Amino acid sequence: MRVLVTGVGGFVGPWVVEALRAKGHTVCGLGRQAPTAGLQQAEERFRVADITDPAAVEAAVVDLVPDAVVHLAAWTDAAAAERAIEAAYRANLGGTLVLLATLRAHRPRARFVLASSALVYGAIQRHELPVTEAVPLRPTGIYGASKAAAEIATLQWGRSYDLDVVVARPFNHTGPGQRAEFVCAAIAEQLAEIEAGRRDPVLRVGNLDPVRDFLDVRDVAAGYVALLERGRRGEVYNLCSGEGVSIAEIVALFRTLARRPVHVRSEPGRRRALDVERMVGSHARVTADTGWVPRIPLRDTLQVVLDDWRQRVQAMPSR
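Heads up: these notes are all about the structure in this document. All values derive from a computational prediction rather than experimental measurement.

### A short note on the packing of helix H4 (residues 85-106) against helix H5 (residues 142-161)
Remark: H4 packs on H5, axes separated minimally by 9 Å, with the N-to-C direction vectors making an angle of 15°. One way to sum up the angle between H4 and H5 is to call them roughly parallel. As for how H4 packs across H5, the hand of that crossing is right-handed. Within the contact between the two elements, H4 uses Ile 85, Ala 88, Tyr 89, Asn 92, Leu 93, Thr 96, Leu 97, Leu 100, Ala 101 and Arg 104 and H5 uses Ile 142, Tyr 143, Ala 145, Ser 146, Lys 147, Ala 149, Ala 150, Ala 153, Thr 154, Trp 157 and Tyr 161.

Take a look at the structure:
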């Protein structure tokens, strides 16, 4: 199957490309920048385009002729979305609509897998845990609301225009290559800089109390491929571990992996507004329909994240 991956140059994109190749699929890609040399193989083609540009997206789809699409391209920084509301909606809802309209016109039989987010659930109540796909959507931030809007549009286009759509709701995920705007990468970056003697041995964090459901990005990529191949048309699926871990526990795990002792300081300026106390999901539906389960232990994931930042910090010029 020829699979178009949008946002192919982002954090998740290369892992999805790797997972698709492992299953024997041919990959084509769309992104705002040309892919790195490691992403491209002889039989594969990539196009540079903004997902919100209808003409550029149409030209790419007509040229690449995909049998399926994994739609990753999105505004992903939840904190920044609060300061750039229109841009976040334009990317997350507008870009999705551009792609759906293009597929309807040119590839109406292509399967479309939307990468949404667990943040669409928003204000989760304790009695709703673990979160199933039946829990109402009550997003509390712009990012979650824009993703919920993209989901609604995707499912509506599926029903109204007979498109083959599937929605994935990944929970928190991390891995090598993630930017430091995200909690695990932010902690790993600081620890790597402390080990390299580039900052004082003080780990600065935000609120340590929230409980989250963490996954390895490689498990999430495998989940997208499972939904592409075996997900039910018009269905929504959580991709999650099913286990809750507090940010304090994440910090404690990282400290066991660090090569130098560190003090931990919780700073008010690093705390997020509208933080949900506890967000833990159920992956029963995706497991029943596709056989997917998360396989990589959290400690192993944090180890590779920290090793990745050690390499990045060593490659940076001294400040």
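### So, the packing of aromatic side chains
Applying the stated rule across the entire model yields two aromatic pairs. With 6.3 Å between their ring centres and 40° between their planes, Tyr 121 and Phe 171 make a pair best called tilted. A residue pair is termed long-range when its members are at least 10 positions apart, and Tyr 121 in the loop between strand S5 (111-115) and H5 and Phe 171 in the loop between strand S6 (164-170) and strand S7 (173-174) qualify at 50 residues. The pair formed by Tyr 121 and Phe 171 is uniform in burial state, with each residue classed as buried. When the ring centre of Tyr 161 is taken as origin, the NZ or CZ atom of Arg 104, which lies over that ring, is 3.7 Å away.

### Overview of the environment of Pro 136
Mapped onto the secondary structure, Pro 136 falls in the loop between S5 and H5. Taking the C-alpha atoms as reference, Pro 136 lies 32 Å from Pro 54; in sequence the two are 82 residues apart. Not counting the four nearest positions on each side in its chain, Pro 136 is found in contact with Tyr 121 and Glu 128.

### Observations concerning the sheet that holds strand S3 (residues 45-48)
Read across the sheet, seven strands follow the order S3-S2-S1-S4-S5-S6-S11 without closing on themselves; strand pairing throughout is parallel. The strands lining the two open edges of the sheet, one partner per strand, are S3 and strand S11 (236-239). Adjacent strand axes in the sheet meet at a mean angle of 20° when their direction is disregarded. Most of the contacts of helix H7 (residues 217-230) go to S5, to which it runs at about 150°, and overall it touches strand S1 (2-6), strand S4 (68-71), S5, S6 and S11.

### A closer look at the pattern of salt bridges
Across all of its chains, the model carries 22 salt bridges by this definition. Between Arg 169 and Glu 151 there is a salt bridge whose closest N-O contact spans 2.7 Å. Residue Arg 169 is located in strand S6, and its partner Glu 151 is located in helix H5; the two are separated by 18 residues in the primary sequence. Arg 169 gets classed as buried once you look at its relative accessible area, which sits at 4%.

### A closer look at the layout of surface pockets
In this model, the second largest pocket occupies a volume close to 280 Å³. What lines the second largest pocket is a set of 17 residues, among which Ala 19, Lys 23, Arg 218, Ala 222 and Trp 292 lie closest to the centre. For the lining of the second largest pocket, the secondary-structure elements that each account for two or more residues are helix H1 (13-22) and H7. It is H7 that provides the largest number of residues to the lining of the second largest pocket, a total of eight residues. By residue class, the composition of the lining of the second largest pocket is nine nonpolar, one polar and seven charged.

Rules behind the numbers
- Residues numbered from 1 in each chain as written.
- Predicted model: local features only at pLDDT ≥ 70, side-chain atom pairs only at ≥ 80, totals over all residues.
- Heavy atoms only, no water.
- Axes fitted to C-alpha atoms, helices over the stretch in contact; angles between N-to-C directions.
- Helix = DSSP H or I, 4+ residues; strand = E, 2+ residues; numbered from the N terminus.
- Parallel < 35°, antiparallel > 145°, perpendicular 65-115°, else oblique.
- Left-handed = near helix turned anticlockwise from the far one by under 90°.
- Contact = heavy atoms within 4.5 Å.
- Phe/Tyr/Trp six-rings, centres within 6.5 Å; stacked < 30°, edge-to-face > 60°.
- Buried < 20%, exposed > 50% of the residue type's maximum accessible area, 1.4 Å probe, protein only.
- Lys NZ or Arg CZ within 6 Å of the ring centre and 35° of its normal.
- Pairing = 2+ DSSP bridges.
- Salt bridge = Lys/Arg side-chain N within 4 Å of Asp/Glu carboxyl O.
- 1 Å grid on protein atoms, 1.4 Å probe; cavity = no way out; pocket = protein on both sides within 12 Å on 5 of 7 lines; lining within 4 Å.
- Points joined across faces, edges and corners; volume = space filled by probe spheres on them.
- Nonpolar A, V, L, I, M, F, W, Y, C, P; charged D, E, K, R; others polar.

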